[in-house]
Amino acid sequence: MVFRDTRAKIIYKNNEQIEGIRRSSVLAAQTLKVVAPFVKAGVTTQYLNDICKQYMYDNKAKAATLGYHGYPKETCISVNDVICHGIPGKYELRDGDILNIDVTTILDGYFGDTSSMFTVGEVTDHAKKLILSTKECLNIGIRQCYEGNKIGQIGVEIDKYAKSLGYSVVYEFCGHGVGLKFHEEPEVNHSTPEDMGPEMKAGMIFTIEPMINAGKARSKVDKKDNWTARTIDGKLSAQFEHTICVTKTLPFVLTDVDNEYEIPTSVY
Ligand code: MF3
Ligand code: CO
Ligand code: CO
């Protein structure tokens, strides 16, 4: 994402902080599970936002996006050609739509950030393939998370894979350190960066959130709301996001509530 303080340093987290960030991350991921059955043709994105909002508040969490640099809602919901930062509103979902719901929770002061794709009714094979490939891009990024590897390698590997399928990788929005604040250092590129950045070290927590476009990589931000980022060519875009903690051994996917990833026994 956009608002980084590049003078800030990477915050390495201790065990207590990691546990707090994990709890917040799990709640964010559970929010996506709770909203999933409500994603149907005819419902508005505002309605889906409000389901998420209620669940976060019922669980004593706050929505990090609300009021963040003036952002007006508790989630981002990005439909079809919207790359990211779609503002929930009056739009009614239709058969064939694909959408990303992005939830960032603040629980006991700790931030957890995750997003996933959803489909409405029957979607095209082209859309299904884009979604599956984008999930694979996230997994490829996660596999790069081990001590001593450069942060930039995440983007190098995602880029290679996405391009091999004829897709493009959004470079104007990035993953980010997260945990004690919403957007911390380091920046996590999803395409090959100019600067490979720092080496990963145990205790680093950041998101990987590749945005993959069916057409061109470029985005344009809506002139009226100043948030909604769309593909320049109107083609589809997909995104998945997890919050990851680097450990001495395996990457620890803090937002994994599906037990999709192996859990390391300890961080340090
Ligand atoms: N959750 C988004 C991310 O993954 C950021 C949304 S910022 C907002 O980084 F202001 F648009 F809400
Ligand atoms: Co994020
Ligand atoms: Co997010």
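The following paragraphs examine the structure supplied in this document.

How each quantity is defined
- Residues numbered from 1 in each chain as written.
- Chains lettered and ligands numbered in written order.
- Predicted model: local features only at pLDDT ≥ 70, side-chain atom pairs only at ≥ 80, totals over all residues.
- Heavy atoms only, no water.
- Pairing = 2+ DSSP bridges.
- Helix = DSSP H or I, 4+ residues; strand = E, 2+ residues; numbered from the N terminus.
- Axes fitted to C-alpha atoms, helices over the stretch in contact; angles between N-to-C directions.
- Donors = N, O, S within 2.8 Å, 3.2 Å for Na, K, Ca; no water.
- Tetrahedral: all angles 85-135°; square planar, octahedral: opposite > 155°, others 65-115°.
- Buried < 20%, exposed > 50% of the residue type's maximum accessible area, 1.4 Å probe, protein only.
- Parallel < 35°, antiparallel > 145°, perpendicular 65-115°, else oblique.
- Left-handed = near helix turned anticlockwise from the far one by under 90°.
- Contact = heavy atoms within 4.5 Å.
- Nonpolar A, V, L, I, M, F, W, Y, C, P; charged D, E, K, R; others polar.

1. So, the sheet that holds strand β12 (residues 229-231)
Reasoning step 1: The sheet built from three strands is open, its strands ordered β3-β12-β11 with antiparallel pairing. Single-partner strands in this sheet number two, and they are β3 (82-84) and β11 (219-221). Put simply, the sheet's adjacent strands are angled 40° from each other on average, direction ignored.
Reasoning step 2: Here β3 pairs with β12 via two bridges, running antiparallel. Its bridge partner lying in β12, Val82 is registered against Arg230.

2. Side note on the coordination of the cobalt ion (ligand 3)
Reasoning step 1: Around the cobalt ion (ligand 3), the protein supplies Asp102 (OD), Asp102 (OD), Asp113 (OD) and Glu241 (OE) as donor atoms, at distances of 2.1 to 2.4 Å.
Reasoning step 2: Metal-centred angles of 58 to 165° between the six donor atoms at the cobalt ion (ligand 3) mark the site as irregular.
Reasoning step 3: When the donor residues of the cobalt ion (ligand 3) are listed from N- to C-terminus, their spacing reads D-x10-D-x127-E.
Reasoning step 4: Metal-to-metal, the separation of the cobalt ion (ligand 3) and the cobalt ion (ligand 2) is 3.3 Å; Asp113 coordinates the two. With Asp102 in strand β4 (residues 98-107) and Asp113 in strand β5 (residues 110-119), the pair connects residues that are 11 residues apart, well separated along the chain. Considered together, Asp102 and Asp113 belong to a single accessibility category, that of buried residues.

3. Comments concerning the packing of helix α3 (residues 125-143) against helix α4 (residues 152-164)
Reasoning step 1: Following both chains from N to C, one finds α3 and α4 inclined at 150°, their axes separated by 8 Å at the closest point. Overall, the two elements α3 and α4 adopt an arrangement that is roughly antiparallel. α3 and α4 meet at a crossing whose hand is right-handed. Along the contact surface, α3 presents Ser133, Glu136, Cys137, Ile140 and Gly141, while α4 presents Ile154, Glu157, Ile158, Tyr161 and Ala162.
Reasoning step 2: Split by residue class, the contact of α3 with α4 holds six nonpolar, two polar and two charged.

4. Overview of the coordination of the cobalt ion (ligand 2)
Reasoning step 1: For the cobalt ion (ligand 2), the protein coordination sphere consists of Asp113 (OD), His176 (NE2), Glu209 (OE) and Glu241 (OE), at 2.0 to 2.2 Å.
Reasoning step 2: Because the angles between the six donor atoms bound to the cobalt ion (ligand 2) fall within 51 to 161°, the donor set is best described as irregular.
Reasoning step 3: Read in sequence order, the donor residues coordinating the cobalt ion (ligand 2) give the pattern D-x62-H-x32-E-x31-E.

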